Amino acid sequence: MSGLELLRGLGLSEDRAKQTLRNPGLSGLLARAARQGQCKANMFPSRKKGIQRTPDMEEYRVLDLEKVFGRRDLGSPVDKATGTLLYNAATRLKDQKHLAFLVNYIAKKDINSSLQLNASLDYFKNHQTDPIDSADFERECGIGVVVTPEQIEEAVEAAVCKHRNQIMLERYHFNMGLLMGEVRNKLKWADGKIIRNEVDLQVLNLLGPKTEADLENRTKTSKQKASRVTAESKDKSANNGELKVESACLMDQLRGEAIKFHKPGENFKTDGYVVTANTMDLLQKHLEITGGQVRTRFPPEPNGILHIGHAKAINFNFGYAKANDGICFLRYDDTNPEKEEEKYFRGIRNMVEWLGYKSYALTHASDYFDQLYEWAVELIKRDQAYACHQKVDEIKGHNPPPSPWRDRPIEESLILFEEMRKGMFAEGEVTLRMKLIMEDGKMDPVAYRIKYTPHHRTGDNWCIYPTYDYTHCLCDSLEDITHSLCTKEFQARRSSYYWLCNALDLYCPVQWEYGRLNLHYAVVSKRKIIKLVETGVVRDWDDPRLFTLTALRRRGFPPEAINNFCAKVGVTVAQTTMEPHLLESCVRDVLNDTAPRAMAVLEPLKVTITNFPSDQPLDVSVANFPADESKGFHTVPISSTIYIEQSDFREVMEKGYKRLTPEQSVGLRHAGFVISVQKLIKNKNGKVVELEATCRKSDTAEKPKAFIHWVSNPLICELRLYERLFHHKCPEDPSEVPGGFLSDINPDSLKVIGDAMLDVSVKNAKPFDKFQFERIGYFSVDLDSTDQKLVFNRTVMLKEDPGKI
């Protein structure tokens, strides 16, 4: 083999190889590195295209002598990355023993980045011992360390969360290198390009596309202007504390003329839509079926409880169909039988209907298992899918090695796929993969995998199940969906969505993405909520401190308030993280008009009215809604013994205090009486435990400075008062909460008052009935209530400070 061929085999261009040959010393080093690499490559062979069944096990072993250097004779160039690493290793490391040691790791692709190569060269510089301590070398150079896309995503999200306010202020003028540096500090061995791509994606989700102002060079004047804008916006309603939210009616936002979506049948007019020779015929058939009607779907996985983020998805999918006289399917993506439970199916449907929506049809991905299997066979016949023996761990991450089985004969893949269907392989032993590269660079996503778990609907009929990447677009096509609406993280799957429909010559819907909705002081991940339940921090998925929809319903949030909140957030492309008080404000707006008033005393102080005008209790008529008496009244008794809040009495008068003291009278709300203290009764510790007072009619007494609530002949009930579950805005952000979200729990997030006193107007209340307890807050009857004792959850506090009433 000539020297030029040898260097070309390392991935060098012809010009660079010729220049290198002019340096005998350098070309000699490279030749030795190449030969050592060839030797190592032959020691760790890849798989060959033929199949050979071993007598002792039912598996396909593929033997391929092509590895790091393309062909055995090095006549074909290796992949550019490996060649570059070998070139740098040979040019920068002069010690032949260390070079042989290093080439071994490069040939096996254990060192596969310039970051690891630099670390290894630094290691050799600082460790002159012979032999090299392999374990120490591997630890220092990150050998075997796998940084998953999820880890990178979480680290970038934490960095963006930390600097969110400044990013929102400076937008694309913000120094993105700061975010990358913080992620690199946490994930030393992460690929810089992947970090950069993730930063770009998350910033795009947050800010949306660049505006003309973003493209302009930043000047001193613009910085000063931005500072003024920040100062002026501090007191405004905010998204992430700074951005004003939309408040238009959701239906108005989603009507055809208000939102820039394509019209049914005009899929080909959208950016990025792939048009084939069959597209127009398929669209014509689609219009014949739908009559030009808008069709959407809400496709949750039945493996958990819906949360506040899903409320936006429900409103968007069902709302867009409703606003445009269309229909929306509720389709369960039930392709993972290991995690699906009947309670999740029921819970999802209940929450959709609770929010006020009814699906056109309730379908399941499993309804189409037979058709999906037939299409998978067809995909193999078209040489667009193949059976693969790579393990799950081998194909994880953004840059897994290419499958050596990608070009196996179609007939073999058909046989193997049929054997998968018949249960002739163990789980993880074989998968069916599609031949495409996704937008995020991921190659050949899995279409089918083996799972020996009975399915809740199909039982043991199947032992292979389709994946989301395979199932989703095909089910959309089967149901003639016009607008496939999904959150922004699925943008990277749009190309595979279009590719698969077109590969099978099927009608292809249009995928549209929108920004996710998150809340501060909350976690919504299934895994993390399970941790909260298992550790006893919360009782279950519907614990009122969580932001699952069942939890919000149990706490007393009206569905109208959640829908109004989604409308205020608006139809945004950027991911939004809102403050909980904005949701609570929507709750108050609804409950103020719908929750009848009642009186409750949380910390009672007994008052005996010594001159009460009757030996029997008197009836007091109280308006259910004082601002609108047309909504009716309820009656509560008052007798010589009443109970008031301890905080409504002070033994020593203080400046500005307007309620009851020994020197100051106070009015009783609704009763028409003003009471004055005559005697204090104290316990042995000197604490006031009872008051004796006299009363006068309000119309004959001097007008008091304040009126307080009270109860008489009360019901004893349990009240549960909730605060934020977490101390910090971003409990999942390691820079904000280094100890993890479980270390950020607020121990005072739940206070139980077991002997609160309520007026008798609530005695017939049922679970989820809602009331405003005057001067205290809005409350809802909990499911734990019994005939013997009612239990109430505080939904939200009143806007006003109770101390000022």
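Residues numbered from 1 in each chain as written. Predicted model: local features only at pLDDT ≥ 70, side-chain atom pairs only at ≥ 80, totals over all residues. Heavy atoms only, no water.

## A word on the overall build of the protein chain
For the protein chain, the helix and strand inventory stands at 25 helices and 28 strands. Relative to its 805 residues, the protein chain shows a buried fraction of 50%. Residue pairs in contact within the protein chain that sit at least 24 positions apart in sequence constitute 69% of those at least 6 positions apart. Just so you have it, the protein chain exposes about 38300 Å², and 48% of that area is on carbon and sulfur atoms. (Helix = DSSP H or I, 4+ residues; strand = E, 2+ residues; numbered from the N terminus. Buried < 20%, exposed > 50% of the residue type's maximum accessible area, 1.4 Å probe, protein only. Contact = heavy atoms within 4.5 Å. Areas by Shrake-Rupley, 256 points an atom, 1.4 Å probe, with all protein chains shown as cover.)

## Brief notes about the state of the cysteines
One pass over the full model with this rule turns up one disulfide. What pairs with Cys161 in a disulfide is Cys730, and their sulfur atoms sit 2.1 Å apart. In this pair, Cys161 is assigned in helix 8 (residues 149-162) and Cys730 in the loop between strand 24 (715-722) and strand 25 (750-758), connecting sequence segments 569 residues apart. Cys730 matches Cys161 in its accessibility class, with the two residues each being buried. No disulfide involves Cys508; its sulfur sits 4.2 Å from that of Cys501, the nearest cysteine. (Disulfide = S-S within 2.5 Å.)

## Comments concerning the sheet that holds strand 4 (residues 327-332)
With respect to topology, three strands assemble into an open sheet ordered 3-4-5, the strand pairing being parallel. With partners counted over all chains shown, the strands left at the sheet margins are strand 3 (295-298) and strand 5 (361-364), one partner each. Each strand axis lies, on average, 30° off the axis of its neighbour in the sheet, ignoring direction. Pairing analysis gives four bridges linking strand 4 to strand 5, with the strands arranged parallel. Paired with Phe329 across the bridge in strand 5 is Ala361. (Pairing = 2+ DSSP bridges. Axes fitted to C-alpha atoms, helices over the stretch in contact; angles between N-to-C directions.)

## Points about a nonpolar patch on the surface
On the surface, a nonpolar cluster with roughly 260 Å² of combined accessible area is contributed by Phe268, Val275 and Met280. As for its placement among the helices and strands, Met280 is situated in helix 15 (residues 279-290). (Patch = residues over 30% accessible without salt bridge, like charges linked within 9 Å, V, L, I, M, F, W, Y side chains within 5 Å. Salt bridge = Lys/Arg side-chain N within 4 Å of Asp/Glu carboxyl O.)

## Section: the pattern of salt bridges
Counting across every chain of the model gives 37 salt bridges. Note that Asp476 is salt-bridged to Arg331, the shortest N-O span being 2.6 Å. Of the two residues, Asp476 sits in helix 20 (residues 468-478) while Arg331 sits in strand 4, which places them 145 residues apart along the sequence. The pair Asp476 / Arg331 is uniform in exposure class, with both members buried. Close ionic contact of Glu579 with Lys729 constitutes a salt bridge, the shortest N to O distance being 2.8 Å. Here Glu579 is found in the loop between strand 13 (576-578) and helix 25 (580-594), whereas its partner Lys729 is found in the loop between strand 24 and strand 25, with 150 residues between them in sequence. For Lys729, a relative accessible area of 31% translates into the label partly exposed. It is possible to trace a salt-bridge network through shared partners that takes in Arg539, Asp542, Arg554, Glu718, Arg720, Asp782 and Asp784.

## Notes on helix 11 (residues 192-207)
In a regular helix each residue adds 1.5 Å, so 16 residues correspond to 22 Å; helix 11 covers 22 Å between its end C-alpha atoms and thus fits that length. Listing the buried residues of helix 11 in full gives Ile194, Ile195, Glu198, Val199, Gln202, Val203, Asn205, Leu206 and Leu207. Taken together, the buried residues of helix 11 touch helix 8, helix 9 (164-170) and helix 10 (176-186). Where helix 11 begins, the side chain of Asp191 points an oxygen toward the backbone nitrogen of Lys193, at a separation of 2.8 Å. At the C-terminal side of helix 11, Gly208 shows a positive phi close to 80°. (Expected span 1.5 Å × (residues − 1). Polar contact = N/O pair within 3.5 Å; in protein donor to acceptor, adjacent residues only side chain to side chain.)

## A few points about a negative patch on the surface
A cluster of acidic residues, Glu150, Glu153, Glu154 and Glu157, forms a negative patch at the surface. Note on placement: Glu153 falls in helix 8. When its relative accessible area of 35% is taken as the criterion, Glu153 is described as partly exposed. (Lys, Arg positive; Asp, Glu negative; His and termini not counted. Charge placed at Lys NZ, Arg CZ, Asp CG, Glu CD.)

## Things to note about the nonpolar core
Phe298, Ile308, Ile314, Leu549, Ile562 and Phe565 are the most contacted members of the largest nonpolar core, which has 53 residues in total. Taken together, the elements giving at least two residues each to this core come down to helix 14 (250-254), helix 16 (308-323), strand 4, helix 17 (342-354), strand 12 (517-519), helix 23 (549-555), helix 24 (559-569) and helix 25. When sequence neighbours within four positions are dropped, the list of residues in contact with Phe298 reads Leu306, His310, Ala313, Ile314, Asn317, Phe318, Cys328, Phe329, Leu330, Arg331, Ile348 and Val352. Among the nonpolar cores identified, the runner-up in size contains 44 residues, and Leu436, Tyr448, Trp462 and Cys501 belong to it. (Core = buried A, V, L, I, M, F, W, Y, C linked by side-chain atoms within 4.5 Å.)

## With respect to the pairing of strand 21 (residues 673-682)
As a general feature of sheets, a regular strand has side chains that alternate between the two faces. Bridge analysis of strand 20 (residues 666-668) against strand 21 gives three bridges, and the strand direction is antiparallel. In the strand pairing of strand 21, Gly667 is matched with Val674. The hairpin turn running from strand 20 into strand 21, its antiparallel successor, is four residues long, and His670 in that turn takes a positive phi close to 70°.

## So, the confidence of the model for the protein chain
Overall, the predicted model of the protein chain reaches an average pLDDT of 85, with 84% of residues at or above 70. Across residues 218-247 the pLDDT falls below 50, and counting only partners more than four positions away or on other chains, this stretch makes 37 contacts in the model. (pLDDT = per-residue confidence, 0-100.)

## Regarding helix 21 (residues 494-503)
Among the 10 residues in helix 21, eight count as buried, and that is most of the element. Residues Arg494, Ser496, Tyr497, Tyr498, Leu500, Cys501, Asn502 and Ala503 constitute the buried set of helix 21. Positive phi shows up at Asp505, right after helix 21, with a value of about 55°.

## A closer look at the sheet that holds strand 8 (residues 446-450)
In space, the four strands of this open sheet follow the order 6-7-8-9, with antiparallel pairing throughout. Only two strands of the sheet have a single partner each, and these edge strands are strand 6 (385-388) and strand 9 (464-466). Averaged over neighbouring strand pairs, the angle between their axes works out to 20° when direction is ignored. As paired strands, strand 7 (residues 431-434) and strand 8 are joined by two bridges and run antiparallel to one another. Of the residues in strand 8, the one forming a bridge with Arg433 is Val446. Contacts between helix 19 (residues 410-421) and the sheet are confined to strand 6, strand 7, strand 8 and strand 9, with strand 6 contributing the most and set at about 60° to the helix. The sheet strands contacting helix 20 are strand 7, strand 8 and strand 9, and the helix crosses strand 9 at an angle near 60°.

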